[in-house]
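# Understanding the architecture of this molecule
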Amino acid sequence: MKQFNPKPWFLPQTVIIIGTYDEDGTPNAMNAAWAGTWDNDKIMISMGNHQTTLNLNRCPDFTVAFATKETLVASDYVGIISGRKAKDKVAQTGWTAVKGEKVNAPVFTDFPMTMECRIERKIDESATGYYIVADILNIQVKEEYLAEDGKPDVEKMHLITFDPVHLGYLEIGQRVGNAFKDGAQLK
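Residues numbered from 1 in each chain as written. Predicted model: local features only at pLDDT ≥ 70, side-chain atom pairs only at ≥ 80, totals over all residues. Heavy atoms only, no water.

### What about the overall build of the protein?
A count of helices and strands for the protein gives four helices and 12 strands. Principal axes of the C-alpha set define a box for the protein whose edges measure 60 × 45 × 30 Å. Within the protein, the proportion of its 187 residues that are buried is 39%. A separation threshold of at least 6 residues defines the contact pool for the protein, and within that pool the share at least 24 residues apart is 59%. Of the roughly 11400 Å² of accessible surface on the protein, a fraction of 53% belongs to carbon and sulfur atoms. (Helix = DSSP H or I, 4+ residues; strand = E, 2+ residues; numbered from the N terminus. Buried < 20%, exposed > 50% of the residue type's maximum accessible area, 1.4 Å probe, protein only. Contact = heavy atoms within 4.5 Å. Areas by Shrake-Rupley, 256 points an atom, 1.4 Å probe, with all protein chains shown as cover.)

### Notes on helix 2 (residues 72–80)
An α-helix turns once every 3.6 residues. As a result, residues three or four positions apart point the same way. Along helix 2, the residues classified as buried are A74, S75 and V78. Taken end-on, helix 2 shows its buried residues confined to a sector of 105 degrees, consistent with a single buried face. Away from its buried face by more than 90 degrees, helix 2 exposes V73 and I80. Tucked into the core, helix 2 has its buried residues touching strand 2 (16–21), strand 3 (27–32) and helix 3 (89–93). (Arc of directions from axis to C-beta.)

### Side note on the sheet that holds strand 12 (residues 168–171)
With antiparallel pairing, three strands are arranged side by side in an open sheet as 1-11-12. Each end of this open sheet is capped by a strand with a single partner; those strands are strand 1 (13–14) and strand 12. As defined by bridge partners, strand 1 adjoins strand 11 (residues 160–163) across two bridges and the pair is classed as antiparallel. Each bridged residue has a counterpart across the sheet, and for Q13 the counterpart in strand 11 is F162. (Pairing = 2+ DSSP bridges.)

### Looking at the sheet that holds strand 10 (residues 129–141)
Sheet architecture is open: seven strands sit in the order 3-2-6-9-10-5-4, paired in antiparallel fashion. Edge positions in the open sheet fall to strand 3 and strand 4 (35–39), since each of these has one partner strand only. Direction aside, neighbouring strands of the sheet carry axes that sit 35 degrees apart on average. Relative to strand 9 (residues 113–126), strand 6 (residues 61–66) is paired through five bridges, and the arrangement is antiparallel. If you follow T63 over to strand 9, its bridge partner there is E116. This element, helix 1 (residues 51–58), spans strand 2, strand 3, strand 5 (42–47), strand 6, strand 9 and strand 10 of the sheet and lies at about 50 degrees to strand 2. The strands that helix 2 touches are strand 2 and strand 3; relative to strand 3, the one it contacts most, it runs at about 95 degrees. (Axes fitted to C-alpha atoms, helices over the stretch in contact; angles between N-to-C directions.)

### Regarding the pattern of salt bridges
Counted under the stated rule, the structure contains nine salt bridges. K42 serves as the salt-bridge partner of E120, at 2.8 Å between the closest nitrogen and oxygen. Remark: K42 occurs in strand 5 and E120 occurs in strand 9; sequence separation between them is 78 residues. Residues D61 and R118 are paired through a salt bridge, measuring 2.6 Å at the closest nitrogen-oxygen approach. Of this pair, D61 sits in strand 6 while R118 sits in strand 9, and the two are 57 residues apart along the sequence. (Salt bridge = Lys/Arg side-chain N within 4 Å of Asp/Glu carboxyl O.)

### Focus on the side chain of T93
By secondary structure assignment, the location of T93 is in helix 3. For T93, the side chain forms a polar contact with the main-chain oxygen of V90, separated by 2.5 Å. Aside from chain neighbours lying at most four places away, what touches T93 is A74, Y77 and V78. (Polar contact = N/O pair within 3.5 Å; in protein donor to acceptor, adjacent residues only side chain to side chain.)

### Considerations on the side chain of S75
Looking at the element boundaries, S75 is found in helix 2. Of the polar contacts made by the side chain of S75, one reaches the backbone oxygen of T71; its length is 2.7 Å. Beyond its immediate stretch of four places on either side in the chain, S75 contacts I17, N31, A67, W95 and F111.

Structure representation (structure tokens):
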């Protein structure tokens, strides 16, 4: 096997869009990949020093939308353009923003699924950013992305993942097995 120096090649990496409001109420969006579950009703995100971080320091509410093949170009755009330099970068994406049901943060209606969250705590806060642990207060899913059982159908969403090795995006594919069931074949 070939050896590599340590790198953040944890796979797959979600591509999330963090939604906050700027001080003047303008919707802001940021692309992030270093995030994951913390508990059954909490998430964790590694935040650098961004306009979004300043917004979170002012208001702990935010949304997390999951990027798709259809939103890829605009999702990448909000990751490469700073909210400190482009005052209304969301306008450039063409996304529609509405106020969240449970949080004071924008929900971008162009995404199949959005979590409404509130920071519970910050970890290792410094001038370069911090980690946040946030409570999930609500999850909104567009009707066309629901399965027959009424739950979100991930296969319909065309979600993308960040490839940190080759700096690309990959579409998440089809179901290949059944969790907590297929392994029973080896009992």
